[in-house]
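# Structure assessment
Listed below, chain by chain, are the residues.
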Amino acid sequence: MPTKKEKERAIKIFDILAKVYPNPKPALIYSTPFELLIATILSAQTTDDNVNKVTAKLFKKYRRAEDYVAVPIEELQKDIFSSGFYKNKAKNIKGCCAALIERHNGEVPVDFDALTKLPGVGRKTASVVLGNAFGIPAIAVDTHVKRLSNLIGLSNNTNPDKIEADLKALLPQEYWTNSSHWLQAHGRKICIARRPKCEECIIANYCKHFKE
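The following refers to the structure shown. The residue count restarts for each chain, going from 1 along the sequence in the order it is written. For a predicted model such as this one, the threshold for reporting local features is a pLDDT of at least 70, and the threshold for listing and counting side-chain atom pairs is 80 or more; totals across whole chains, interfaces and linings nevertheless cover every residue. To obtain the side-chain values, all non-hydrogen atoms of the structure were used and water was disregarded.

## Side note on the nonpolar core
Applicable threshold: Here, the term nonpolar core denotes a set of buried Ala, Val, Leu, Ile, Met, Phe, Trp, Tyr and Cys residues that are joined through side-chain atoms within 4.5 Å. For every residue, the accessible area obtained with a 1.4 Å probe (protein chains only) is divided by the maximum for its type, and the residue is called buried under 20%, exposed over 50%, and partly exposed between those limits. Strands are runs of DSSP state E lasting at least 2 residues, helices are runs of H or I lasting at least 4, and numbering of each runs from the N terminus. Note on definitions: a residue-residue contact is assigned when non-hydrogen atoms from the two residues lie within 4.5 Å.
Counting 34 residues, the largest nonpolar core has Ile38, Leu58, Tyr68, Leu76 and Ile93 as the members making the most contacts within it. Top element by residues in this core is helix H2 (residues 33–42). It accounts for seven residues. In this view, Ile93 contacts Ile38, Ile41, Leu42, Tyr68, Leu76 and Ile80; residues no more than four positions away in its chain are not counted. Judged by nonpolar contacts, the second largest core, of 26 residues, contains Ala10, Tyr21, Ile190 and Cys207.

What follows is the structure, given as C-alpha cells:
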C-alpha cells in the first residue's frame, strides 16, 4: 500500500493537471453508452481521431446491437477497414453485440464483470464505458496512462492491470475517471513520447523522470 506522502503527492499532481485541463472528457465521439462501447473496441491500436472518422459514418448506419449482428461480416469489415485490424475488430463487434442481445436485451450492462465477459471487451474498455457513459468511478489504462504513470513515478509496473490497481490505491475514487483523461491530455500536449516538452511541464517538479 502507498504511504500517506505518496498519496498526497499523487493528489497534488492531479490537482495541478485538473487546472490545466479543466474539462476532461473522452476523445472518442459518441452519444450513447452503446456507441462508446463500439468506439472503444475500435480504438485498439489506432488513434481516437481515426476512430472518430470511422464512427461518423458507422453510427449512422448501425444504431443497435441487432444491426451489427444482421450485417454480413465482410460488409462490416469494409465499413471499419481504416481503423486497422479490421477482421478481428469486426469479429469482436459482432460477438459483443450477439452477447448483448442474448444476455442483456441488447443494452450495455452497468456492471464491470458483465462488461468484461463480452467478446472484445477488456478492463480498459469496460472502465471507459463505466466511467464516462455511466459515471461510475473507473480508471482506463491506455498507452498514455501507462507511459506517464511510469515516467512520473505513479507506478513501477508495466502491466496495465497492475498500473490500474496502483493508481486506484493512490487516488480517491472521485479522481479515478478523470485521472485517465488528464494523463491522456498531458501525454498528447506536453509529455509526448518521442519529444517530451519537459521544460514546459507544469508537474516537472513532481516527476520521477525529470528529476533523474
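## Some remarks on the side chain of Ser127
Let me state the cut-off plainly: Any pair of nitrogen or oxygen atoms within 3.5 Å is treated as a polar contact; in protein, a donor-acceptor pairing is required on top of that, and neighbouring residues in sequence qualify only through side-chain atoms on both sides.
Along the chain, the position of Ser127 falls in helix H8 (residues 123–133). For Ser127, the side chain forms a polar contact with the main-chain oxygen of Ile139, separated by 3.4 Å.

## Quick look at the pattern of salt bridges
Worth spelling out the cut-off: For this document, the term salt bridge refers to a Lys or Arg side-chain nitrogen within 4 Å of an Asp or Glu carboxyl oxygen.
Enumeration according to the criterion identifies eight salt bridges in this entry. Ionic pairing is found between Lys61 and Glu75, a salt bridge with its closest N-O pair at 2.6 Å. Of this pair, Lys61 sits in helix H3 (residues 48–61) while Glu75 sits in helix H5 (residues 73–79), and the two are 14 residues apart along the sequence. Assessed through its relative accessible area of 33%, Glu75 is described here as partly exposed. The residue Lys61 makes a salt bridge to Asp79 at a minimum N-O spacing of 2.9 Å. Highlighted residues: Lys61 in helix H3 and Asp79 in helix H5, separated in sequence by 18 residues.

## Description of the environment of Glu164
Position of Glu164 among the secondary structure elements: in helix H10 (residues 160–170). For the pair Glu164 and Trp176, spaced twelve residues apart in sequence, the C-alpha to C-alpha distance is 9.5 Å. What Glu164 contacts, discounting residues up to four positions off in sequence, is Arg123, Ser127, Ile139 and Val141.

## Here we look at the packing of H2 against H8
For clarity, the threshold we go by: Axes here mean lines fitted to C-alpha atoms, for a helix over just the part in contact, with angles spanning 0 to 180 degrees between N-to-C directions. Note on terminology: angles under 35 degrees are roughly parallel, angles over 145 are roughly antiparallel, angles of 65 to 115 are roughly perpendicular, and the others are oblique. Take the far helix as the reference: if the near one is turned anticlockwise from it by less than a right angle, the crossing is left-handed, and if turned clockwise, right-handed. For this classification, Asp, Glu, Lys and Arg are treated as charged, while Ala, Val, Leu, Ile, Met, Phe, Trp, Tyr, Cys and Pro are nonpolar and the rest, including Gly, are polar.
Two elements in contact, H2 and H8, have axes whose closest approach is 10 Å; the angle formed by their N-to-C orientations is 150°. The orientation of H2 relative to H8 falls into the category roughly antiparallel. Along this stretch, H2 crosses H8, giving a crossing that reads as right-handed. Note on element contacts: H8 touches H2 through Lys124, Thr125, Val128, Val129, Asn132 and Ala133, opposite Pro33, Leu36, Leu37, Thr40 and Ile41. Class assignment of the residues belonging to the contact of H2 with H8 gives a composition of seven nonpolar, three polar and one charged.

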